[in-house]
Amino acid sequence: GYATLYQNGVEVAAGSLHIPVGGITRTVNLIGDSVWGTEATFNGSLDEARISTIGRSSNWIWACWANIVSNNSYRMVFIPELGETTVPTNVTASGAYLTGNLTSIGSAAPTVYIYWGDNDATTNAGNWDYVATVGSEMSMGLFSKQVTGFNTDRTYFYRCAASNMGGVGWAPAPSAAWLVKPIATNQWYLMANPVQWGASASNNLNSVLGDQLVTGLGGGANKNAGDNLWTYTNGVSIRYWVTNNGTWTDTDGAAADFICKPGNGFWVKRLTSTAQSNMIFSGLAHTNAETVSFAQGQWTIFSWPWSSRLESAGSDPGWGFTTGVQGTYYDNADNMYIRYNGMWYAVWLYSDGRWYYKNKAPIAANRANVALEPGGAYYYYRRSGGTMTWTAPSD
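Basis of the calculations
- Here the residue numbering is sequential within each chain, running from 1 through the sequence in written order.
- Only residues with pLDDT of at least 70 are given local features in this predicted model, and only at 80 or more are side-chain atom pairs given and counted; all residues enter the totals for whole chains, interfaces and linings.
- The side-chain quantities take in all heavy atoms of the structure and omit both hydrogens and water.
- Here a strand is any run of E in DSSP of at least two residues, a helix any run of H or I of at least four, and the numbering for each starts at the N terminus.
- Think of it in three bands: residues with accessible area under 20% of the maximum for their type are buried, residues over 50% are exposed, and the middle band is partly exposed, with areas taken using a 1.4 Å probe on protein chains only.
- Contact criterion: two residues are considered in contact whenever any of their non-hydrogen atoms come within 4.5 Å of each other.
- Computed with a 1.4 Å probe, the accessible areas rest on the Shrake-Rupley method; for each residue, only the protein chains presented here act as cover.
- Strand pairing requires that DSSP identify at least two bridges connecting the strands.
- One speaks of a salt bridge when a side-chain nitrogen belonging to Lys or Arg is within 4 Å of a carboxyl oxygen belonging to Asp or Glu.
- When charges are counted, Lys and Arg are positive and Asp and Glu negative, with His and the chain ends excluded.
- We define a polar contact as two N or O atoms separated by no more than 3.5 Å, with the added condition that, inside protein, one atom must be a possible hydrogen donor and the other a possible acceptor, whereas residues neighbouring each other in sequence contribute only through side-chain atom pairs.
- To count toward a patch, a residue needs a relative accessible area over 30% and no salt bridge; like charges are then connected within 9 Å, while nonpolar side chains (Val, Leu, Ile, Met, Phe, Trp, Tyr) are connected within 5 Å.
- Pairing of aromatic side chains requires ring centres within 6.5 Å, counting the rings of Phe and Tyr and the six-membered ring of Trp. Pairs whose planes differ by under 30 degrees are stacked, by over 60 edge-to-face, and all others tilted.

**Observations concerning the overall build of the protein chain**
What the protein chain contains, in helices and strands, is three helices and 25 strands. Within the protein chain, buried positions represent 41% of all 395 residues. Taking contacts inside the protein chain between residues at least 6 apart in sequence as the whole, the part at least 24 apart equals 65%. For the protein chain, the computed accessible surface area is about 20,500 Å², with 49% contributed by carbon and sulfur atoms.

**Thoughts on the pairing of strand S15 (residues 266–269)**
Burial along S15 is two-sided: the residues Phe266 and Val268 and Trp267 and Lys269 are all buried. Here strand S11 (residues 188–191) pairs with S15 via four bridges, running antiparallel. Within S15, the position partnered with Trp188 by the bridge is Lys269.

**Notes on the pattern of salt bridges**
Using the criterion set out here, one finds two salt bridges in the structure. As a salt-bridge pair, Arg154 and Asp118 come within 3.3 Å of each other at their nearest N and O atoms. With Arg154 in the loop between strand S7 (141–148) and strand S8 (155–164) and Asp118 in the loop between strand S5 (111–117) and strand S6 (130–135), this pair connects stretches of sequence that are 36 residues apart. On the accessibility criterion, Asp118 (25% relative accessible area) is partly exposed. Ionic pairing is found between Asp334 and Arg382, a salt bridge with its closest N-O pair at 3.1 Å. Remark: Arg382 occurs in strand S24 (residues 376–382) and Asp334 occurs in the loop between strand S19 (308–309) and strand S20 (335–340); sequence separation between them is 48 residues. The class for Asp334 is buried, based on a relative accessible area of 0%.

**Digging into the side chain of Arg159**
Within the element layout of this structure, Arg159 appears in strand S8. Of the side chains bearing the opposite charge, Asp120 lies closest to the buried Arg159, which forms no salt bridge; the N-O distance is 4.5 Å. Here Ala171 takes part through its backbone oxygen, which lies 3.0 Å from a polar atom of the side chain of Arg159. Of note is the side chain of Arg159, whose polar atom sits 2.8 Å from the side chain of Ser175.

**What about the sheet that holds strand S3 (residues 81–82)?**
Taking strand neighbours across the sheet as the criterion, the three strands line up as S3-S4-S7 in an open arrangement whose pairing is antiparallel. Looking along the sheet, the strands with just one partner apiece sit at the ends: S3 and S7. Pairing of strand S4 (residues 95–104) with S7 involves eight bridges; the strand directions are antiparallel. Bridging across to S7, Leu102 finds its partner in Gly141.

**Side note on a nonpolar patch on the surface**
A cluster of nonpolar residues, Ile31, Phe42, Leu46 and Ile51, forms a patch on the protein surface that exposes about 480 Å² of accessible area. Assignment of secondary structure puts Phe42 in the loop between strand S2 (10–16) and helix H1 (58–69).

**Examining unusual backbone geometry**
The omega torsion of the bond from Ala173 to Pro174 falls at 0 degrees, within 30 degrees of zero and hence cis. Look at Asn90: it is not a glycine, yet its phi comes out positive at around 50 degrees. Topologically, Asn90 is positioned in the loop between S3 and S4.

**Digging into the packing of aromatic side chains**
Under the definition given, this model contains 19 aromatic pairs. A centroid spacing of 6.5 Å and a plane angle of 85 degrees characterise the contact between Phe258 and Phe266, whose relative ring orientation is edge-to-face.

**What about the environment of Trp230?**
Here Trp230 lies in strand S12 (residues 228–233). Judged by relative accessible area, Trp230 falls into the partly exposed class, the value being 27%. With 39 residues separating them in the primary sequence, Trp230 and Lys269 have C-alpha atoms 8.5 Å apart. Contact partners of Trp230, with chain neighbours within four places excluded, come to Trp188, Ser237, Ile238, Arg239, Phe266 and Trp267.

Pasting the structure below:
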């Protein structure tokens, strides 16, 4: 093992511990005595002895000593504090800069981390996919860290944290999010707005949402020349297109007044060849979702802002929709289009409350055991049974 010796809260020695001679296995550890019965016991006094099951930092050791030696005062220990999570910057298909703000160091200069991955683990450090260390003994102020190696066409999240002898402080909710969406000419894309920018007005096509979409799409002189966006709301399809001056308008030439809330989805089609190869979204993660209504005999586009599976890995049915219409075969059941490994699939909800690709036999081959990804968009057809209103479970 390895040990560090402190005197008056300050490290005075450190090194490897010896291994017992003769292959002896320790079965007991004693304080103030030896495992050898013939050895003398400790001749002195021990005050406030402690045993910990985890390793302690030098700051924690110092704080303990300071409180012991100060008989008439108590040293308060404070965790570091961070400001609200900020939007990632310089997002490309291969990397992004994740940013944060250390607003208070607490009792001692902390080590700062950025946790990130393709699901929002909030303040549960062990559930994040990756962690990047920004630095140790950090000062107050803004900081950033570049991350690379993420995939396109997938929504990623991050949350900042800082740790000192007082504990761990996290940036307040919500986490930040970003998405790099590859696009090709003359293809339809089922899209969802994976991020939000605070006020609903910012999610309007004529505000921040529209600006981010335009960075990946191309304009035209008319609705058949500019890249198109279609919404489907309350059984009505509405078409918008990008003009040559980089703004959105509807087919009648009026300004595009469309707010994409959590739970909304839309179709995008590239008609031009002048656009960039990627649409890039960056903002804050959804903290809530609109209730989605599926009207009978209609298609509904919706997005999924939680990290859950369409079909569970075990024997229980998957998330969502299992209380809806469940047909005995694929052409009399509710169905939905999903995109999995770059391909489009239709899945049907059968009478056993499970999702299948088409004909449910054989089960092992056709069970739709795929994830509904955060920020993903899906196209649902309600075959019968009236309107179904649905709110997904939160993680």
